[in-house]
Amino acid sequence: MPFSVGDERAIVYAEDKQWYTFPIHLMPFMRGSITLTNQTKEALFVMSSNSFEASQKRSEAIRADLEVNPGKYTMLTGDRPTGRLHLGHYFGTIKERVALQNKGVTTRVIIADYQVITDRDTTENIQDNVRNMVIDYLACGIDPEKTIIFTHSAIPALNQLMLPFLSLVSEAELLRNPTVKAEQEASGHALTGLLLTYPVHQACDILFCKGNIVPCGKDQLPHIEQTRQIARRFNERYGYVFPEPEGLLNDDAPEIPGLDGRKMSKSYGNAISLSFTAEETAKIIKKSKTDSERFITFDKENRPGVSALLTTAALCAGRTEVEIAEEIGNGGSGTLKKYVTEAVNEYLAPIRERREAIAAKPGYVEEILHEGNRKANEIANKTLDEVREAMHMVY
């Protein structure tokens, strides 16, 4: 099982012809013994790099084909309703979802409410989070006439796919998925059975609707590879039912820092929520930390707060960070924050207007979810029937 190592992470090309990235401290969970030498690292770095390059080339080919044949593709994407969606979600994923939907790609958006409890012990605010997530989706351009929006917990047949799928993966394969350990460490939560099998649940999400593309970043490729593996093993064991989905790499998506330069996160209090009013947006930007240097420059490493504000403004204004920094120059952080506030509020104004109109319609959000869940159940039940037939479990 050759691999290469860098930045405390290993990239493994395993005997099942899949490649995985995972933290070095998970090495004991790998099957077989591996000897680390500099020669091995250098010689096999090319193999791991080529594996990613192969995924990248497939992704590029799909993007080119999408322009001509969007109807060939079914996209599954979604979010966990752990809080309000923010600018990071919008520029990182939602904007592209809307674009793919409007190209004619069959689009399914899952609100993964069951996956909230992988690393949380309460669902106290989940109903409010789900409702506001739907409002945000619609306000940002997700069209329920073109896209099915649904919730995990309302689709029993989707979740039932977990049983046959779990028989197709080993404990070692689950443990070596980097996202499982990363999620556990980030949350401080115990490694529950649900968290350990999180990648399999995601495979159910993708495969129940025969999804064949999943927008993702490089760090999410192990999830896609595990889903491909599950689909392949099922088809080999029982007969063809599932496509092997491809990751649609979104490496061109901008890196959206929080207002303090760290990753934008609700838990850090550094995120501009899509549901914020103009006044709330101005307040959180005004409170953001910069530094004592008056002259504004873009320097992510040495001036994270200032640079984060410049990136936020650049995304909303359609300019570069350097251009904005040069324009503000010696104006200081007060001028910078004023510019950022105006840029963000101007960009979000039409989204806020649509948000307000949607929220004012009694029962509208519930109607969208009800209809989306109905359609998703039809798809899931049909797929589960195909699975039962393939497994000779129709009685």
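Above this text is the structure in question.
Scope of this entry: the structure provided in the associated data block. (Residues numbered from 1 in each chain as written. Predicted model: local features only at pLDDT ≥ 70, side-chain atom pairs only at ≥ 80, totals over all residues. Heavy atoms only, no water.)

**Examining the overall build of the protein chain**
Check the secondary structure of the protein chain and you find 15 helices and 8 strands. Per-residue burial over the protein chain gives 52% buried out of 395 residues. Carbon and sulfur atoms make up 51% of the accessible area of the protein chain, which totals about 18,800 Å². (Helix = DSSP H or I, 4+ residues; strand = E, 2+ residues; numbered from the N terminus. Buried < 20%, exposed > 50% of the residue type's maximum accessible area, 1.4 Å probe, protein only. Areas by Shrake-Rupley, 256 points an atom, 1.4 Å probe, with all protein chains shown as cover.)

**Concerning the side chain of T151**
Following the sequence through the fold, T151 ends up in strand 6 (residues 147–151). Apart from residues lying up to four places away in sequence, T151 is in contact with I111, D113, V130, L369 and N373. (Contact = heavy atoms within 4.5 Å.)

**Considerations on unusual backbone geometry**
Even without being a glycine, K210 presents a positive backbone phi close to 60°. Structurally, K210 can be placed in the loop between helix 9 (198–208) and strand 7 (213–216). With relative accessibility at 25%, the residue K210 sits in the partly exposed group. Even without being glycine, H392 reaches a positive phi, approximately 60°. Looking at H392, the relative accessible area reads 68%, which means it is exposed.

**Brief notes about helix 10 (residues 221–238)**
Spacing of three or four residues puts side chains on the same side of an α-helix, whose turn is 3.6 residues. For helix 10, which comprises 18 residues, the first-to-last C-alpha distance of 26 Å matches the rise-based estimate of 26 Å (1.5 Å per residue) to within 8%. Helix 10 sits mainly inside the fold: 13 of its 18 residues count as buried. (Expected span 1.5 Å × (residues − 1).)

**Some thoughts on the environment of H189**
Tracing the backbone shows H189 in the loop between helix 7 (178–187) and helix 8 (193–196). Of the residues examined, H189 reaches a relative accessible area of 15% and is grouped as buried. As for H189 and D119, which are separated by 70 residues in sequence, their C-alpha atoms are 5.6 Å apart. Ignoring sequence-local partners within four residues, the contact set of H189 consists of T118, D119, R120, D121 and Q184.

**So, the pattern of salt bridges**
According to the stated counting rule, one finds 27 salt bridges in the structure shown. E67 is the partner of K103 in a salt bridge, and the nearest nitrogen-oxygen pair spans 3.0 Å. Taken as a pair, K103 in helix 2 (residues 87–103) and E67 in the loop between helix 1 (38–66) and strand 4 (74–79) lie far apart in primary sequence, 36 residues in all. With its nearest N and O atoms 2.7 Å apart, the salt bridge here joins R374 to E378. Placement of both R374 and E378 in helix 15 (residues 364–390) is noted, with a separation of 4 residues, approximately one turn of the helix. Residue R374 is classed as partly exposed on the basis of its relative accessible area, which comes to 37%. Connected via shared salt-bridge partners are R58, E225, R228, R232, E244 and E246. (Salt bridge = Lys/Arg side-chain N within 4 Å of Asp/Glu carboxyl O.)

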